[in-house]
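# Examination of the molecular architecture
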Amino acid sequence: MTQNWKDEAGRDLMSLGGRLANLERGKGSHVWDTEGTRFLDFLGGIAVNCLGHAHPVVVDAVSQQAARLVHVSNYFATPQQLELAARLKRLARTGDEGRVFLANAGTEANETAIKLARLHGNATGKSTILCLNGAFHGRTTGALALTPKPAYQDPFSPLMPGVRAIDPTIDALEEAFQAGDVAAIFAEPIQGEAGVVPLPDGFLQRARELATAHDALLILDEVQTGSGRTGEWFAHQQLGIAPDAVTVAKSVAAGFPLGALITFGAASDLFYPGTHNSTFGGNPLASAVANAVLEHIENENLLENVSARGAELREKVADLPLVASTRGAGLLIGIVLDAPVAAEVASAALSRGLIINAPAADVIRLAPAYTIGDSEIAEFLDIFTASLTAVAAQHQENAR
């Protein structure tokens, strides 16, 4: 390169933030930048790289399918697409009535789910879609309307009408349904971008009861929690409920762009020819990768490792400096700090070769690969402890 990579980024890329390092390769849970610096990746591309980097299963699936068939358009089916749809139905436990729409990303899957909610609402005479304060469903205009954060929404208002944001409490939920105009409710079982915040106990069970009683759809955004991230294929399965639809992306293809809307029961009959589609959605290359990834997770019993390693991490960080508590499930972990210094901790960690992030002022998020073991956890603890200690010491010094 002829100049500093940050100068090139500023010259050629839109100014949207980020770009903490210039990464060029990865292997397992490590990545290297263009200067040869190695980082331990415990963010996993924000809960995406579930098998780590350059995993042979992903490499082989991409290379083998790319040599056969990459794209055919949605006028045709492919064996890879059909296999993936059947697999997702089985993992989601939809039964025979379930259906799958394959997309390119989580936001696109959520946009599809919004159209599903509108189809249902138009048929029943109901126009309101409920979302929860603290939610994040994407940055396209429909998904953004369901993401009630002024900093995200205000520059792009007016947004899609007919959305009502409520607090994630059972009382607010029950009050919202009393209006009688609810077509659907969108919810994340764990609000990742809010700081890995699980919904209150009993909330989704009550949402299921109310949605059924009021002929509304319960739509769960499991873009971050799905594909085994919490130790179950879908977080809602730990609660013993079934939604009307669930969206998935991120870890489903371990870094290859793919998302999906999976429907249950009568919701599977709402779309009809001409109401939706996607040029690249479900292309044979993306489908082949997702099939290989999900098959590997099953065959290697990686969900057991997700649960065990997640519990281990939460236990081992509990007594570290600045740590107040932990939350989340499996390998989606929020480490709550006793001061609003999460950004400083993430920066200190990066300078020491550890990738984590701060979704809230007092929360560090971890979302490492499902394959992590003793060595990765030991390295993480060494760097994370040093980072916390350094930030704590600096604040003590400043307070003198």
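By the naming in an unreviewed UniProt entry, the protein chain is Acetylornithine transaminase, taken from Candidatus Microbacterium stercoravium. UniProt's Sequence similarities (unreviewed entry) comment on the protein chain is quoted here verbatim: "Belongs to the class-III pyridoxal-phosphate-dependent aminotransferase family." Reading the Cofactor (unreviewed entry) entry of the UniProt record for the protein chain gives the comment "pyridoxal 5'-phosphate".

### A short note on empty space enclosed by the protein
On inspection of all chains with the given rule, the structure shows 2 cavities of 30 Å³ or more. The computed volume of the largest cavity comes to approximately 60 Å³. Classifying every residue of the lining of the largest cavity gives 4 nonpolar, 9 polar and no charged. Considered as a void within the structure, the second largest cavity measures approximately 30 Å³ in volume. Taken together, G28, S29, D41, G44, N49, G52, H53, P368 and A369 form the lining of the second largest cavity. A class-by-class count of the residues in the lining of the second largest cavity yields 2 nonpolar, 6 polar and 1 charged.

### Observations regarding the pattern of salt bridges
By the definition in use, this model includes 14 salt bridges. Here D244 ties to R208 by a salt bridge, and the two come within 2.9 Å at their closest N and O atoms. Here D244 is found in the loop between β10 (217-221) and β11 (245-248), whereas its partner R208 is found in helix α9 (residues 203-213), with 36 residues between them in sequence. For D244, a relative accessible area of 15% gives the class buried. One salt-bridge network, held together by shared partners, links E83, R87, R90 and E298.

### Notes on the sheet that holds strand β15 (residues 354-355)
Strand order across the open sheet formed by 4 strands is β1-β2-β3-β15, with mixed pairing between neighbours. Looking at the sheet topology across the chains shown, the edges are occupied by β1 (23-27) and β15. Pairing between strand β3 (residues 38-41) and β15: 2 bridges, direction parallel. By the bridge assignment, L40 is partnered in β15 with L354. On top of the sheet, helix α13 (residues 374-399) reaches β2 (30-33), β3 and β15; it is set at about 105 degrees to β3, its chief contact.

### Remarks on the packing of helix α3 (residues 56-66) against helix α10 (residues 284-299)
Two elements in contact, α3 and α10, have axes separated by 9 Å at closest approach and are oriented at 150 degrees. With respect to α10, the axis of α3 lies roughly antiparallel. The element α3 and its partner α10 pack so that their crossing is right-handed. In contact with V57, V58, A61, V62, Q65 and A66 of α3, α10 contributes P284, L285, A288, V289, A292, V293 and H296.

### Considerations on the sheet that holds β11
Either a parallel or an antiparallel arrangement is found when strands of a sheet pair, and the pairing is made through backbone hydrogen bonds. Taken in spatial order, the 7 strands line up as β4-β12-β11-β10-β7-β5-β6 in an open sheet, and their pairing is mixed. The strands lining the two open edges of the sheet, one partner per strand, are β4 (99-103) and β6 (163-166). For this sheet, the mean angle separating the axes of adjacent strands, direction not counted, is 20 degrees. In this sheet, strand β12 (residues 259-263) lies alongside β4 in antiparallel orientation, the contact comprising 5 bridges. The residue of β12 that forms the bridge with A103 is G259.

Reading guide: rules and limits
- Each chain carries its own residue numbering, running from 1 in the direction its sequence is written.
- Only residues with pLDDT of at least 70 are given local features in this predicted model, and only at 80 or more are side-chain atom pairs given and counted; all residues enter the totals for whole chains, interfaces and linings.
- Excluding hydrogens and water, the side-chain figures rest on all heavy atoms present in the structure.
- UniProt positions are given in the numbering used here, feature names are shortened, and annotations may be inferred rather than shown by experiment.
- Detection works on a 1 Å grid of protein atoms alone, calling trapped sets that fit a 1.4 Å probe cavities and calling open sets with protein on both sides within 12 Å along at least five of seven lines pockets, with lining residues defined by an atom within 4 Å of a point.
- Grid points are joined across faces, edges and corners, and a volume is the space filled by probe spheres set on the points.
- Ten residues, namely Ala, Val, Leu, Ile, Met, Phe, Trp, Tyr, Cys and Pro, are considered nonpolar, four, namely Asp, Glu, Lys and Arg, are considered charged, and the remaining ones, Gly among them, are considered polar.
- Salt-bridge detection follows one rule: a side-chain nitrogen of Lys or Arg within 4 Å of a carboxyl oxygen of Asp or Glu.
- Numbered from the N terminus, helices here are DSSP runs of H or I no shorter than four residues, and strands are runs of E no shorter than two.
- Only protein chains enter the calculation, and the probe is 1.4 Å; a residue is then buried if its accessible area is under 20% of its type maximum, exposed if over 50%, and partly exposed in between.
- The pairing criterion is simple: DSSP has to find at least two bridges between the two strands.
- By definition, residues are in contact when any of their heavy atoms lie within 4.5 Å.
- Only the contacting stretch of a helix is used when fitting its axis, a line to C-alpha atoms as for every element, and angles between N-to-C directions run 0 to 180 degrees.
- Our angle categories are set so that under 35 degrees counts as roughly parallel, over 145 as roughly antiparallel, 65 to 115 as roughly perpendicular, and the remainder as oblique.
- Here a crossing is taken to be left-handed if its near helix is turned anticlockwise relative to the far helix by less than a right angle, and right-handed if that turn runs clockwise.

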